Amino acid sequence: MRLIATCAVGLESLLTQELEDLGLKPQPGARGAVAFEGDHAAVWRANHWLRTANRVLIEVATWSGQDGDALYAGARNLVRRRKKTASGLDFGRLLSPRKTFAVRATTAVSKQTDTRWIALRVKDGLVDGQRDRHGQRSSVDRDFPDIQLRVRLFKNQATLLLDTSGRPLDHRGYRLSTVQAPLRETLGAAAVLLSGWNGEGPIIDPMCGSGTLIAEAGWWALGRAPSYLRRSWAFENLPGWSADAQKKAVADPPHRAISNDIELIGLDRDPVAIAATESNLDEARLINRTTLLTGDVFNWQPPEGPGLVLINPPYGERLRSAPDAWKHIGDLLKRRFTGKTAVIVAGGEDQGKTIGLRPRRRLSVKNGPLDARLLVFDLY
C-alpha cells in the first residue's frame, strides 16, 4: 500500500529518519508529510512507534477534481465498482453501509477553495455509490466514525486518504493539565531526537511549563513507545487486523533504552505549572524518576557534568517585550550548564539571534500556527 505519515511543517527530515529506523523506505519531498510503502504490519508499526508524526494514512485513490461534478463522480465510481484500488483495497466493500464514516477536506492550488463543500460533494458521491452497490447507505458520524476519510485537493486532483490512526498521534494521553501556549508533543519529541544526546546525565527542563519536554525525553530515554498509554486505533476497524498480529508486528523497537535509571528534573517559577507537570508526569508513569522544584532558573544551580537541557521559553510577544531576554538565556547556559547539550525552542527567525551562542543544529518548524526554531547547542 502507498502510505503517508503527516507531520508538522519542518519535521519531515526527522520523520524520514524515523521511518528508516523502522526498516521502511520513505519517499521524502512533500511538505508536512512523508510517503512510504508497506503492508498492514507497516501501518501498525508506524502508528505505534513514530514520535514526530500526526497521522498515518492509506492513499486509496486519485481522480480529477476540476469541479463539484467531477468530485462527486470519482467518489461514486470508487465505491460502486467491484475492483481493488492501487493500494489493494476493495474500497466499496470496506465502506460497508453497516459502518459510519466521516470526510474532511483540504485544498491548495485548486479552483475549489471551500473545504466543507469539497467534503460534502465527496460524501454525496460515496453514499450514492453505496446505494448503487448495496442498496443502502452509511450514517455519517463526525465525532466517532468507524471509517475516517480525508480528501486532499491539490492542483485540481482529488486524493482520498484512509486514516488509520484515529485520535492524532501527538495526543499521547499523559497531558491531564496544561498551561498557556503548551508545546505540541511531536515538537517536544523532535527536540529530543535532534539533540543527538547519548543518555549521560540527567534530563533538565528549567522552564518546564506542563512537562511536555520532560515526558517526551523520559519516554525516549527509557525506550517507551509514544503510544505507551494508547488503547485504541482506527486501523482496528480495517480488514486484516488482529490484536495478536499487531502485538507481534510492533514488538521490535526501532531503538533500545539508552538509560534505565534516567533522572528527570523540572523547574518553574509558577507553582501552577509545577502542579500541572506533576499531574502529567504521574500519568506518564515518570513521576518516581522526577524532581520538581518551584523557583527561578536564574537563581538555581543545576547538577554539574553532562546532561540534556530542554528549554521552551515564553517566546513570541512576551520575549519581544524584553529584548535582552535571549542574551540572559545565553549567559545562563554558558555559566550554569557547562558540559551539557541544550535544545532551545525559539520563536521565528527574529528569535534567539542575540543568544550569543552558535548552534550545532537548527531546524525551522511550526508549533501549531506559530513559527518556531529548534536550536541545539553543545555547551563544552
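Overview of the structure. (Residues numbered from 1 in each chain as written. Predicted model: local features only at pLDDT ≥ 70, side-chain atom pairs only at ≥ 80, totals over all residues. Heavy atoms only, no water.)

**Structural notes on the overall build of the chain**
So, point 1. Along the chain, the regular secondary structure elements total 11 helices and 14 strands.
So, point 2. Whereas a compact globule of 380 residues would reach a radius of gyration of roughly 21 Å, the chain reaches 23 Å, a difference of no more than 12%.
So, point 3. In terms of its C-alpha atoms, the chain occupies a principal-axis envelope of roughly 70 × 45 × 35 Å.
So, point 4. For the chain, with 380 residues in total, the buried portion stands at 55%. (Helix = DSSP H or I, 4+ residues; strand = E, 2+ residues; numbered from the N terminus. Rg over C-alpha atoms; globule rule 2.2 N^0.38 Å. Buried < 20%, exposed > 50% of the residue type's maximum accessible area, 1.4 Å probe, protein only.)

**Quick notes on unusual backbone geometry**
So, point 1. Look at Lys155: it is not a glycine, yet its phi comes out positive at around 55°.
So, point 2. As for its placement among the helices and strands, Lys155 is situated in the loop between strand 6 (147-154) and strand 7 (157-163).
So, point 3. The exposed category is assigned to Lys155, whose relative accessible area is 54%.
So, point 4. Located in the positive-phi region is Asn156, a residue other than glycine, with phi close to 65°.

**Things to note about the pairing of strand 1 (residues 2-7)**
So, point 1. Burial within strand 1 is extensive, with five of its six residues counted as buried.
So, point 2. Here five bridges tie strand 1 to strand 3 (residues 33-37), and the two strands are oriented antiparallel to one another. Its bridge partner being in strand 3, Leu3 is matched across the sheet by Phe36.
So, point 3. Taken together, the five bridges between strand 1 and strand 4 (residues 53-64) define a ladder with antiparallel strand orientation. Across the sheet, Leu3 pairs through a bridge with Ile58, a residue of strand 4. (Pairing = 2+ DSSP bridges.)

From the geometry alone we can't say anything about function, so treat these as descriptive.
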